[in-house]
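Letter by letter, the chains look like this.
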Amino acid sequence: MNDDAPQKAAPELPTLKLKPKTNKTGAKTGVKSGAKPRSKPMAKHGAKPDTAKTKAHTKPKQEKPDTQSMLKSRQICFELLCAVEEGSQLDHALKAQEDISTLDDRDRRFVRLLATTCLRRRGQIEKIIAPMISRRPFGAQAHANLILLMGAVQLLILKTGAHAAVDSTVELMRQAGFERLCGMANAVMRRLTREGDARFETTAPIDNLPDWLLQSWNEHWGHDTTSKLADMAMNPPPLDISAKANPEALASKLEGELIDNYTIRRAFDGDPSRLAGFADGEWWVQDAAAALPARLLGDIAGKDVIDLCAAPGGKTAQLIAAGANVTAIDSGRKRVDRLRRNLGRLGMKATLKQADGRQFVPDLPVDAILLDAPCSATGTLRRRPDILGRRQPEDIESLQNLQWELTTTALGWLKAGGRLVYATCSLQPEEGEEMIAAIIEAGEDKIVIDPITPAQAGIFARSLTEAGTLRILPHQYDDIGGVDGFFAARLIALV
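Residues numbered from 1 in each chain as written. Predicted model: local features only at pLDDT ≥ 70, side-chain atom pairs only at ≥ 80, totals over all residues. Heavy atoms only, no water.

Things to note about the overall build of the protein
At step 1: In terms of helices and strands, the protein carries 16 helices and twelve strands.
At step 2: Within the protein, buried positions represent 51% of all 495 residues.
At step 3: Total accessible area on the protein stands at roughly 22700 Å², and carbon and sulfur atoms take up 51% of it. (Helix = DSSP H or I, 4+ residues; strand = E, 2+ residues; numbered from the N terminus. Buried < 20%, exposed > 50% of the residue type's maximum accessible area, 1.4 Å probe, protein only. Areas by Shrake-Rupley, 256 points an atom, 1.4 Å probe, with all protein chains shown as cover.)

Printed below as a string of C-alpha cells:
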C-alpha cells in the first residue's frame, strides 16, 4: 500500500464492550500503562549535598586508576537505578547513559549485571537490610537505599571482595551527597560481611515479587508454580536469535543450539551486535517464545498481512521472510524509526505506518493480522527486571482497554475467513484467556477461535489449552533454559 493512497472503509465489527474484570472481593483487576516518573531525576550524583562540607567532594581527590574505574562503574549503575526508580525502562536508561561508553567492555558488562541483579533481587536484599536500619532513608535521601542495595548485591550475590564492596558503597554514598549516611552505610555493610550470607539463606526468589503480582500468580497459578516462576525470573536470559535464512548454518557459525528448527540459542553477556553476521543483516534477536506467534499465521506467501504494534520489528521480519506483503504499524515516531533501522539492516522492506491502531483504516481488507498487543510484560521478567518495580496493579485495566480496542478494531480489517493472531508477553489471564473469551462472546458467532494444533505449536505443544490457545509458562521449559511467558490465540473472522 502507498502512504498517500486514499483510505477505504474496512468491514466493521459490531461495537463490543468489555466489562471490567473483578476479583473475588469485587475489586477491579488491572494495569495502567506506563507509570509516569514521580519526580525529575536526581542531579548527577542523585541528590544535593546534606551540608556545605560536601562541596569538597565535588572534585574527587586523585585515585589510583583501578579505584577510579571501580567507582565510575558503580556511579553509572547508581544513576541507572535512579532513572528506573523515576519511571524509566532499564533499556532506555542504558541507551541514554552517555558515560557508559567510556568504560571498557568488562566494566560495561559489570554495570549491566549489577543493575539487573539489583532489580531482580531487591525484595530479598531489602528483607535482609530492613532490620539493620532503625529508620529507612526517605524523602531527599531516598536514593541512598539504592546505594545500600548495590553494596549488598555485590557482597552477597556477585561475591565482590568485602573490602571493595564496603569501601565503594561508603564512597558512593559520600559522592552522591549523602555524607551524613556514610556511618550508617559502613555499619550495615560491615554487618553484612559477618551475617549477610546466613540472612540471605532465609530469603527466597519469591520475596522479590511485588505483593500484587504475588497475589495474582498465587490465585491463578498456585503457590508452587508461582515459586517456580519467581525462581526462573532470577536467572539472566540466554541470547535467542532468529535467522533471516538457513538457521542450521547460522547456528553452526554462531556456535549456538537450534531450538525447534528455528531459534538459535547461545549464552552471551556482551553486545550482540558484535557477533558474526549481525552487521550483515543475517539475523535479529528474538526470544524463542516470541518467535512463535508469527508462524501461527501459516502460509502467508503473497498475502497481505498487517503487523500491528510492530516495533522493534522481529515479527515484521518473520512475516517478510515468509513472503508476505507486510504493512507494519506502530504509534510512536521513535518506535517506527527503530523499526525502519532494523529492517534496513536486514535488507527487508515493508510499508511502514505511524498510526494509532485504534483509528487506522487500511486501504483494503487484508488476509491476516498479527497483533502483539501492549501488555504488562510480566512474562519477560528475566529480560526486563525493571517490570518488578515499575508495574502497579491498577495498570492492568487501562492495558485491558487498549488491548480490547486494538483487537476489536483490527478484526474489522480482515477479509471473510481471514485470521488474526493475538499475543501478549504477559502471565496475567486478564490480558490473555479472559480477553479472548470476552471477544468471542461479544462477537456473536462472527469471530471464533481457530485452534492451534500440536504440529503448529512445535516444542510449545505442551502449552496448548483445551480451547486451542497457547499459555506458555517460562518454568515449563527449563529443560531448554526457559523462555519468556506468552499467551497466543488465533481468531477467524467468519464474515
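This is not the end of the story, as more comes after the structure.
Examining the pairing of strand 8 (residues 366–372)
At step 1: The element strand 8 is largely enclosed, with a buried count of six among its seven residues.
At step 2: Sheet topology places strand 5 (residues 304–308) next to strand 8; four bridges connect them, and they run parallel. Opposite leucine 308, over in strand 8, you have leucine 371 as the bridge partner.
At step 3: Here six bridges tie strand 8 to strand 9 (residues 414–424), and the two strands are oriented parallel to one another. Bridge pairing in strand 9 places aspartate 372 opposite alanine 423. (Pairing = 2+ DSSP bridges.)

Describing the sheet that holds strand 1 (residues 239–243)
At step 1: If you trace the four strands from one edge of the open sheet to the other, you get 2-3-1-4, paired in antiparallel fashion. Pairing within the sheet leaves two strands with one partner each, and these edge strands are strand 2 (257–259) and strand 4 (283–285). Strand-to-strand, the axes of this sheet are offset by a mean angle of 35°, without reference to chain direction.
At step 2: One ladder, built from three bridges, connects strand 2 with strand 3 (residues 263–266); its direction is antiparallel. Bridging across to strand 3, glutamate 257 finds its partner in arginine 265. (Axes fitted to C-alpha atoms, helices over the stretch in contact; angles between N-to-C directions.)

A short note on helix 8 (residues 223–233)
At step 1: Those residues of helix 8 that fall on the buried side of the exposure criterion are Thr225, Thr226, Leu229, Ala230, Met232 and Ala233. Projected down its long axis, helix 8 carries its buried residues within an arc of 160°, all on one side. (Arc of directions from axis to C-beta.)

Details of the side chain of arginine 74
At step 1: Along the chain, arginine 74 turns up in helix 1 (residues 65–85).
At step 2: The buried charged residue arginine 74 lacks any salt bridge, with aspartate 107 as its nearest oppositely charged partner at 6.6 Å.
At step 3: A distance of 3.4 Å separates the side chain of arginine 74 from the side chain of serine 73, its partner in a polar contact.
At step 4: Arginine 74 has contacts with Phe110, Leu114, Met150, Gln154, Thr160, Ser168 and Leu172, leaving out every residue within four places of it along the chain. (Lys, Arg positive; Asp, Glu negative; His and termini not counted. Salt bridge = Lys/Arg side-chain N within 4 Å of Asp/Glu carboxyl O. Polar contact = N/O pair within 3.5 Å; in protein donor to acceptor, adjacent residues only side chain to side chain. Contact = heavy atoms within 4.5 Å.)

Focus: helix 3 (residues 105–129)
At step 1: With 25 residues, helix 3 should reach 36 Å at 1.5 Å per residue; the first-to-last C-alpha distance of 31 Å falls well below that figure.
At step 2: Along helix 3, the helix axis deviates most sharply at arginine 121, where the bend reaches about 70°. (Expected span 1.5 Å × (residues − 1). Bend = angle between axes of the 7 residues up to and from the residue.)

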